Amino acid sequence: MSFCIGLTGGIGSGKSTVAAMFAEHGAGVVDTDIIAHSLTQPGGEAIAAIRSAFGNDYLTDDGALDRVKMRGLVFSDAAAKQRLEQILHPLIFEQAKTQLRQLQAKPYILVVVPLLPESRTFRQLVQRVLVVDCEENTQIARVIGRSRLTEEKVRAIIALQTPRADRLRLADDVIRNDVSMENLAGQVAVLHEHYSKMQKQ
């Protein structure tokens, strides 16, 4: 198996931006958010199970997962959150493993997992953990800027995620993403060299 790094961070920390920068250096990228989106699109692999667990009310007219409605439910109902995760997580894990096998020729692979700190299953796949970190106010401003969520909703999402201090404790490497894009690119370049060397050991 290739050398795998788990990339994680809170909502709005810039995980996708950092993953794209590593990809430009030639790294393989497996993004579990992208996998989750494909599983919950019309005709996606998870749709039948979501329909039988939650009913048609949680699907859009074209048969995709109604993300806004489902987000409202899982925030207010821990059992519903668990039920959704039991449907999605095994499917995401299997697809991630398939993608990893397809990327074996890459020098190393980043597995982007927002819930990495609380997922033992995914932690078994990776040899190192890279956390993209920024101040909470920066996270909130970014998420509000790219979505229609209110500050209150964003704070609620952050509160449900692994606390920042716990994420940082788990990290082997940390990228700070509350400065400039140039600075961010520089941090990625340094870690790319580091991971390329580690992969050869």
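Description of the structure in this document. (Residues numbered from 1 in each chain as written. Predicted model: local features only at pLDDT ≥ 70, side-chain atom pairs only at ≥ 80, totals over all residues. Heavy atoms only, no water.)

## Brief notes about the overall build of the chain
Of the regular secondary structure elements, the chain holds 10 helices and five strands. Computed over the C-alpha atoms, the radius of gyration of the chain is 17 Å, within 12% of the 17 Å expected from 2.2 N^0.38 for a compact globule of 201 residues. If you line up the chain on its principal axes, its C-alpha atoms span 50 × 35 × 25 Å. Relative to all contacts within the chain whose residues are 6 or more apart in sequence, the contacts with residues 24 or more apart total 72%. Summed over all atoms, the accessible surface of the chain reaches about 10,600 Å², with 51% contributed by carbon and sulfur. (Helix = DSSP H or I, 4+ residues; strand = E, 2+ residues; numbered from the N terminus. Rg over C-alpha atoms; globule rule 2.2 N^0.38 Å. Contact = heavy atoms within 4.5 Å. Areas by Shrake-Rupley, 256 points an atom, 1.4 Å probe, with all protein chains shown as cover.)

## Focus: the packing of aromatic side chains
Summed over all chains, the structure comprises six aromatic pairs. A ring pair is formed by phenylalanine 22 and tyrosine 108, whose centres lie 6.3 Å apart and whose planes are at 85 degrees; its orientation type is edge-to-face. Of this pair, phenylalanine 22 sits in helix 1 (residues 15-24) while tyrosine 108 sits in the loop between helix 5 (78-102) and strand 3 (109-112), and the two are 86 residues apart along the sequence. Residue classification places phenylalanine 22 among the buried residues on the basis of a relative accessible area of 0%. According to the relative accessible area criterion, tyrosine 108 is buried, its value standing at 0%. Measuring from centroid to centroid gives 5.2 Å for phenylalanine 93 and phenylalanine 122, while their planes differ by 85 degrees, and the two rings are edge-to-face. Taken together, the positions of phenylalanine 93 in helix 5 and phenylalanine 122 in helix 6 (residues 120-123) put the pair 29 residues apart, joining distant regions of the chain. Assigned by exposure class, phenylalanine 93 and phenylalanine 122 land together as buried. Every member of this aromatic cluster is reached through a ring pair, and the members are Phe3, Phe22, Tyr108 and Tyr195. The positively charged end of lysine 69 is found above the aromatic ring belonging to tyrosine 58, 5.8 Å away from the centroid. (Phe/Tyr/Trp six-rings, centres within 6.5 Å; stacked < 30°, edge-to-face > 60°. Buried < 20%, exposed > 50% of the residue type's maximum accessible area, 1.4 Å probe, protein only. Lys NZ or Arg CZ within 6 Å of the ring centre and 35° of its normal.)

## Quick word on helix 2 (residues 32-39)
Two residues of an α-helix separated by three or four positions point the same way, owing to the 3.6 residues in each turn. Looking only at helix 2, the buried set comprises Thr32, Ile35, Ala36 and Leu39. Taken around the axis of helix 2, the buried residues stretch over an arc of 100 degrees, which confines them to a single face. Two to three positions downstream of the cap, the backbone nitrogen of aspartate 33 sits 2.9 Å from a side-chain oxygen, assigning the N-cap of helix 2 to aspartate 31. (Arc of directions from axis to C-beta. Polar contact = N/O pair within 3.5 Å; in protein donor to acceptor, adjacent residues only side chain to side chain.)

## Considering the packing of helix 1 against helix 10 (residues 181-200)
Packing of helix 1 against helix 10 leaves a shortest axis separation of 10 Å and a crossing angle of 55 degrees. Comparing their axes, helix 10 and helix 1 come out oblique. Read as a crossing pair, helix 1 and helix 10 show a hand that is right-handed. Contact residues: Thr17, Val18, Met21 and Phe22 in helix 1; Met181, Leu184, Ala185, Val188, Leu191, His192 and Tyr195 in helix 10. In terms of residue class, the contact of helix 1 with helix 10 is made up of nine nonpolar, two polar and no charged. (Axes fitted to C-alpha atoms, helices over the stretch in contact; angles between N-to-C directions. Parallel < 35°, antiparallel > 145°, perpendicular 65-115°, else oblique. Left-handed = near helix turned anticlockwise from the far one by under 90°. Nonpolar A, V, L, I, M, F, W, Y, C, P; charged D, E, K, R; others polar.)

## A closer look at the side chain of threonine 162
Within the element layout of this structure, threonine 162 appears in the loop between helix 8 (151-160) and helix 9 (164-170). There is a polar contact of 2.3 Å between the side chain of threonine 162 and the side chain of glutamate 118. What threonine 162 contacts, discounting residues up to four positions off in sequence, is Pro117, Glu118 and Arg167.

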